[in-house]
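Descriptive structure summary
Read off the chains here:
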Amino acid sequence: MKPHTKQRIAFSFLFLCTLLVILPVGLILIIIIKNGLPALSWQFLTDIPRAGMREGGIFPAIIGTFYLVLGAIIFALPIGVMCAIYLNEYTKENIFSRLIRLAIINLAGIPSVVYGLFGMALFVMFFKFGTSILSGALTLGIMILPVIITSTQEALRSVPKEFREVSFSLGISKWQTIKRVVLPCAFPGIITGAILGIGRAAGETAPLLFTVAAFYLPRLPRSIFDQVMAIPYHLYVISTQIPNIPEKIRYGTALVLVILVLGINLFAIILRIKLRRKQRW
Amino acid sequence: MSKIKEFIIEKIIFLCGIITIVFIILIFLFLLKEGLSLFKSVRIFEFIFGKNWYPISEPPQFGILPLILGSLLVTLGAGIISIPVGIGCAIFIAEVAPRWLKDILKAFIELLAAIPSVVLGFIGMVTLVPFVKNFFGLPTGLTAFTGSIMLAFMAMPTMVSIAEDALYAVPYTYKEAAYALGASRWQTIYRVIIPGAFSGILAAIMLGIGRVVGETMAVMMLTGNSARIPQSFFDPVRTLTATIANEMGEAVVGSQHYFALFSIGIVLFIISFFVNITADIFMHHKK
Amino acid sequence: MVDNPINIEVKDLNVWFKDIHALKGINLRIYKNEILSIIGPANSGKTSFLRTLNRLNDLTDGFRMTGKVIFDGKDIYSKDIDVNLLRIKIGMVFALPIPLPFSIFDNVAYGLQGRIKNNKEINQRVEKALKSAYLWEEVKDRLKESAYKLSGGQQQRLCIARTLALEPQVILFDEPCSGLDPISTAKIEEAMIRLKNDYTIILVTNNTKQAARVSDRTAFFLSGELIETDITNKIFTASMDKRTEDYITGRFG
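Residues numbered from 1 in each chain as written. Chains lettered and ligands numbered in written order. Predicted model: local features only at pLDDT ≥ 70, side-chain atom pairs only at ≥ 80, totals over all residues. Heavy atoms only, no water.

1. So, the overall build of chain A
- Along the backbone of chain A there are 10 helices and 2 strands.
- Taken from N to C terminus, the helices and strands of chain A fall in the order α-α-β-β-α-α-α-α-α-α-α-α.
- Seen through its principal axes, chain A has C-alpha atoms that stretch 70 × 70 × 35 Å.
- The buried share of chain A, taken over its 281 residues, is 57%.
- Contacts in chain A between residues at least 24 apart in sequence constitute 75% of all its contacts with a sequence separation of at least 6.
- In the form shown here, chain A has an accessible surface area of approximately 11800 Å², with 67% of it arising from carbon and sulfur atoms.
- For chain A, the distance from the average site of its 27 positive side-chain charges to the average site of its 10 negative ones is 6 Å. (Helix = DSSP H or I, 4+ residues; strand = E, 2+ residues; numbered from the N terminus. Buried < 20%, exposed > 50% of the residue type's maximum accessible area, 1.4 Å probe, protein only. Contact = heavy atoms within 4.5 Å. Areas by Shrake-Rupley, 256 points an atom, 1.4 Å probe, with all protein chains shown as cover. Lys, Arg positive; Asp, Glu negative; His and termini not counted. Charge placed at Lys NZ, Arg CZ, Asp CG, Glu CD.)

2. Points about unusual backbone geometry
All names here are of chain C.
- Despite not being glycine, glutamate 175 has its phi angle at roughly 45°, a positive value.
- Following the sequence through the fold, glutamate 175 ends up in the loop between strand S7 (170-174) and helix H7 (182-195).
- Taking the relative accessible area as the measure of exposure, glutamate 175 reaches 16% and is therefore buried.
- Within the chain, serine 223 stands out as a residue other than glycine whose phi angle is a positive 45°.

3. A few points about the packing of helix H3 (residues 65-96) of chain B against helix H6 (residues 144-168) of chain B
- Direction vectors running N to C along H3(B) and H6(B) enclose 35°, while the axes themselves pass 6 Å from each other. In this structure, H3(B) meets H6(B) at a crossing whose hand is right-handed. (Axes fitted to C-alpha atoms, helices over the stretch in contact; angles between N-to-C directions. Left-handed = near helix turned anticlockwise from the far one by under 90°.)

4. Description of the pattern of salt bridges
Residue and element names in this part refer to chain C.
- Using the criterion set out here, one finds 31 salt bridges over all chains in the structure.
- Here glutamate 9 and arginine 29 are joined by a salt bridge, their closest N and O atoms 3.0 Å apart. Residue glutamate 9 is found in strand S1 (residues 6-17), and its partner arginine 29 is found in strand S2 (residues 20-31); the two are separated by 20 residues along the sequence.
- Under the relative-accessibility criterion, glutamate 9 is labelled buried at 18%.
- Across the salt bridge formed by glutamate 167 and arginine 125, the nearest N and O atoms sit 3.6 Å from each other. Of the two residues, glutamate 167 is situated in the loop between helix H6 (152-164) and S7 and arginine 125 in helix H4 (residues 119-132); the sequence distance between them amounts to 42 residues.
- Beyond isolated ion pairs, a larger network of salt bridges with shared partners links Glu121, Arg125, Lys128 and Glu167. (Salt bridge = Lys/Arg side-chain N within 4 Å of Asp/Glu carboxyl O.)

5. Concerning the packing of aromatic side chains
- This structure, assessed with the given rule, holds 35 aromatic pairs over all chains.
- Taken together, a centroid distance of 6.3 Å and an interplanar angle of 25° make the contact between Phe96(A) and Phe14(B) stacked. Here Phe96(A) is found in helix H4 (residues 95-109), whereas its partner Phe14(B) is found in helix H1 (residues 2-35) on a different chain.
- By the ring-pair criterion, three or more aromatic residues cluster together here, those being Phe118(A), Phe123(A), Phe126(A), Phe127(A), Phe129(A), Phe225(A) and Phe30(B).
- The residue whose ring lies beneath Lys174(A) is Tyr90(A), and the NZ or CZ to ring-centre distance is 5.0 Å. (Phe/Tyr/Trp six-rings, centres within 6.5 Å; stacked < 30°, edge-to-face > 60°. Lys NZ or Arg CZ within 6 Å of the ring centre and 35° of its normal.)

6. A word on a nonpolar patch on the surface
- A surface patch of nonpolar side chains, about 450 Å² in accessible area, is lined by Phe15(A), Leu16(A), Leu19(A), Leu20(A) and Leu23(A).
- Along the chain, Leu19(A) turns up in helix H1 (residues 3-36). (Patch = residues over 30% accessible without salt bridge, like charges linked within 9 Å, V, L, I, M, F, W, Y side chains within 5 Å.)

Right, dumping it as structure tokens:
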């Protein structure tokens, strides 16, 4: 066979592979949007579930997810950013920093259901927070730490080394240099990472199973020690646990979750592209 | 004054730096704390190789072999689908696609990675499950095969993005040298670029597979949750992760069943630990 | 110049970066209010020497040193030295203009903020520094604009002003004109000569003519060794060492 023909066959195969990855994504989105859109209404978004979740809306689940994500990011963002600062600004490459790096990739790889077990053992039982927003948010927070650390590190690395040198040469201390020059420069990248973390936390179900999620709780939480519903868990419940849920409600819930999660991610992606173009140095 | 402030802040930063190590150790310790109690009454060998998972029978039996095989089967299926497709897609994005298409495709892959697994599970339930049932004439569409297909989609974004990075990192001079010798683009790709990125591609595969092993929601919704040793791809199976997710709600805290679910957590932790360490070694192999 | 009091005294300085012996047994006195230029081919240790004087090498991986650098009667490498205070007293201007991503004003005020509480005093010091760097007239109406809007030469003078604002005793110039056109270079050289009245200046340069134009004394570095130091005129007309002459006349480097 001629090399040219071979190349054509090979490239067609590669293109086919790409289609196989891309098309189903589009298909999934189309199915969800087409079937979910009719369910979306102001009432669906703001009403509590009624008639054993067969009617009404998903408002408590939306609020629950909001609180959980908020709690997770409040916990994870400062710790994650400081961890990245430590790795990037305060250590040189040695065994210790390598251990931390290994810990980060392992945190990123631990199955989400294992996070659920851990959150249950540590927060629910050991710290006696009970199944509560606090336990769930902390569990999610630990889970999204790697996302925040990795993207913050990338953002810190993009700040030129010369800025730090200039600042030191002007007699500014290390922490002041980080606070006044490095962090402001890295800020947009850090925010992108935080948004990605939020997107991840918003879509997760397994870590919530034994730490917070309420099967059916048609009211708003009263404190951080209250249980809540969450959109992903709600979707799981109405898809598998309860018979005769109208298709419309299931698709509607799926659509809300997809819009939420993909919207957050799309926002982060666009933000990142814009920032790369705008970067002044 | 400002010196003291700086000192305190730097100590806090140091603490945050080591906190990831602390968390990893905490996770492992708490799994051990709860999980090891099981082995006061059940031998490890029986646990891993026992053929029966009857946690609430009298007496209960805690053999996780069917669950391990279930996870293995689903992972194998997802691997067979996702490895060639994912790596092919990575090569296309890294080496064949024009610049503008590359950015769009990468954004798409990122979106795919972001779709919550419970949504993929739901979509699988309403589309794939009835299709598999009717197409193969099975009593149920909830099978290892169904789970494999959906999980392949969860493995692919990880594989594609890491493999694409590895391919992209092959020095440009290699390509130039190959072109200078008169090689076509495809020859350059499979003789120079793929071998050059090989360890990175292996790492991509490992991490993609790691994601499949740890996946919970979609697999629980699609594979039928039958804790018997599967005979074929078209049997319902139950995975390690789905077992925990399914049964923890009903297990009495402090019971053997509860401990057994944590022991499964230990198994999953160890698997993911090895997958990630191996992938990391592959990834830093060339440097 | 040699009559002026000694400002910095370097004794038996050896510097290594990992296994590379970058500076070998340097002994050098720097006097108050002089311009000392340091010349030599690439990789002769000029910049490493400069960065030893304000301890910027501390940040470089694998840096080790022996010997002493006496400034203000104290070894700057002794334990009780406040490095940040040292770097205020010994300022530095880098090879390329590196404005921080702030406004023109904030760039000059950067080193002062947090140290001086009084805003009025900061304003005065910024204005004074910009005037000393011959930049004030060009930027006084646009202090709030980004520093990146300035031309290369203006940016470098901004960097000089940034250092001057701290009112140091010594200013280290690391090839400050390497990226600039002749007119910008002339402006910076003019500034340096005027600054000599108030500061001690150490100028690392690749441009031997520049050394001849502005400096009082010149030191010649080669492969990490200090070959000779003398009054600039002498170095350029009657150097003691053959290697110095070869370098100056352009036979190598």
